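# Descriptive structure summary
Residues per chain, in single letters:
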Amino acid sequence: MGVLARVLRSVGGEEVLDRLAGLSGSDLTSFLLALTRRRAQALSGPDVLRQYRSDRFVAPSAVPFLTLRAAEDRLLAALPPSFSVLGLAPVAPLGTCSAVALMDQNNVVSTVRGTEVAADPTNALALEAALLRQSGPDDVRLAAVQRVVRAQMFSGAGRFAHFSLFAAVSAGRDRGSLAFEREHFAEHVAFLRSACGDVEFRVTVLDPRFEVVRGDLAADPLRETGYYKGLCFKVFRDGVEIGDGGFVDWTARLTGNRKERLLISGIGVDRFATL
């Protein structure tokens, strides 16, 4: 907040921020487009090259393309035929992460056109699943591979500002006795084992009723999260975490129907590929 306070003092105080926040969506977009255009017009070729050299968001992946592609192909080839694979857009509606998945908006890259750069394909798949669930009674299974951007700072090996994620979601209606949860959790576990080879699952049961869903997978009782509901898990290969997943209430909140259920799972393609 110290930086923001300094900037606001330089442009006329906090009331400027209040007035901008009060603009309609189209008016704010027009203002931001004009501002961005003016700033771009002031840049030269060398300016752009300097940013390309130093900006962590725009550098190419450190993982060779063919290595990434092989990992993506392996994940997609192992998908059960019941899953539909989507080519997701590189942007999502503004709030897809903060309103749907309760992620801090500062951790995604917002655009001037009322959208945000894709930060997690499971969020976009949840939006599509919610639409499909409103038009039919059957369970929905979707998957995608997407290059995403995260704005928060990462450190350590295998951590990048942009990276590829494989995601799968299963959406449907509560059938009682955790029947939906048991069926789809087993399906995701079987698929991830088939795709990723010798992996270890560590499962955190957030609701004691979900012990029957966990089955004989290793328990991870020390993990706490407000992100998942009922049960969540992490996936490890050679001692390295490569993915996670669990049950979330996103489609229930998107549709306003508390009976809707959603299971998500994801694999970090870059990290998986390097193994």
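See the structure printed just above.
Right, let's walk through the structure included here. (Residues numbered from 1 in each chain as written. Predicted model: local features only at pLDDT ≥ 70, side-chain atom pairs only at ≥ 80, totals over all residues. Heavy atoms only, no water.)

### Examining the environment of Asn-107
Operational definition: Here a helix means four or more residues in a row that DSSP labels H or I, a strand means two or more in a row labelled E, and each is numbered from the N terminus. The classification of residues rests on relative accessible area computed with a 1.4 Å probe and restricted to protein chains. Under 20% of the type maximum is buried, over 50% is exposed, and intermediate values are partly exposed. Contacts are assigned to residue pairs with any non-hydrogen atoms lying within 4.5 Å of each other.
As for its placement among the helices and strands, Asn-107 is situated in the loop between helix H6 (96-100) and strand E3 (115-117). Residue classification places Asn-107 among the partly exposed residues on the basis of a relative accessible area of 21%. It is 5.9 Å that separates the C-alpha atoms of Asn-107 and Arg-150, two residues lying 43 residues apart in sequence. When near neighbours in sequence (up to four residues on either side) are disregarded, Asn-107 contacts Arg-150, Ala-151 and Gln-152.

### What to know about the sheet that holds strand E1 (residues 84-85)
Picture the strands of a sheet paired through backbone hydrogen bonds; they go either parallel or antiparallel. So the rule is basically this: For two strands to count as paired, DSSP must find a minimum of two bridges between them.
Taken together, the eight strands give an open sheet; going across it, the order is E1-E4-E5-E10-E9-E8-E6-E7, and neighbouring strands pair in mixed fashion. Looking at strand neighbours, the two that pair on one side only are E1 and strand E7 (218-219), the edges of this open sheet. For strand E6 (residues 199-205) and E7, the ladder comprises two bridges, and the chain directions are parallel. Bridge pairing in E7 links Val-203 to Ala-219.

### Topic: the pairing of strand E5 (residues 162-173)
Extensive coverage of E5 is indicated by the burial of eleven of its twelve residues. Sheet analysis places strand E4 (residues 140-149) next to E5, joined by ten bridges and oriented antiparallel. Residue pairing across strands places Val-145 opposite Phe-166, the latter belonging to E5. Bridge count between E5 and strand E10 (residues 260-268): nine bridges; the pairing is antiparallel. Following the sheet pairing, Leu-165 is matched in E10 by Gly-268.

### Notes on the pattern of salt bridges
Rules: The term salt bridge refers to a pairing of a side-chain nitrogen on Lys or Arg with a carboxyl oxygen on Asp or Glu at a separation within 4 Å.
According to the stated counting rule, one finds 17 salt bridges in the structure shown. Residue Asp-120 pairs with Arg-150 through a salt bridge whose shortest N-O separation is 3.6 Å. Here Asp-120 is found in the loop between E3 and helix H7 (121-134), whereas its partner Arg-150 is found in the loop between E4 and E5, with 30 residues between them in sequence. Arg-150 shares its class with Asp-120; the two are buried. One salt bridge in this structure joins Arg-141 and Glu-187, with 2.8 Å as the shortest N-O distance. One end of the pair, Arg-141, is in strand E4; the other, Glu-187, is in helix H8 (residues 179-196), and 46 residues separate them in sequence. What you see here is one network of salt bridges that share partners, running through Asp-139, Arg-141, Arg-175, Glu-183 and Glu-187.

Everything listed is a geometric property; what it means functionally is a separate question.
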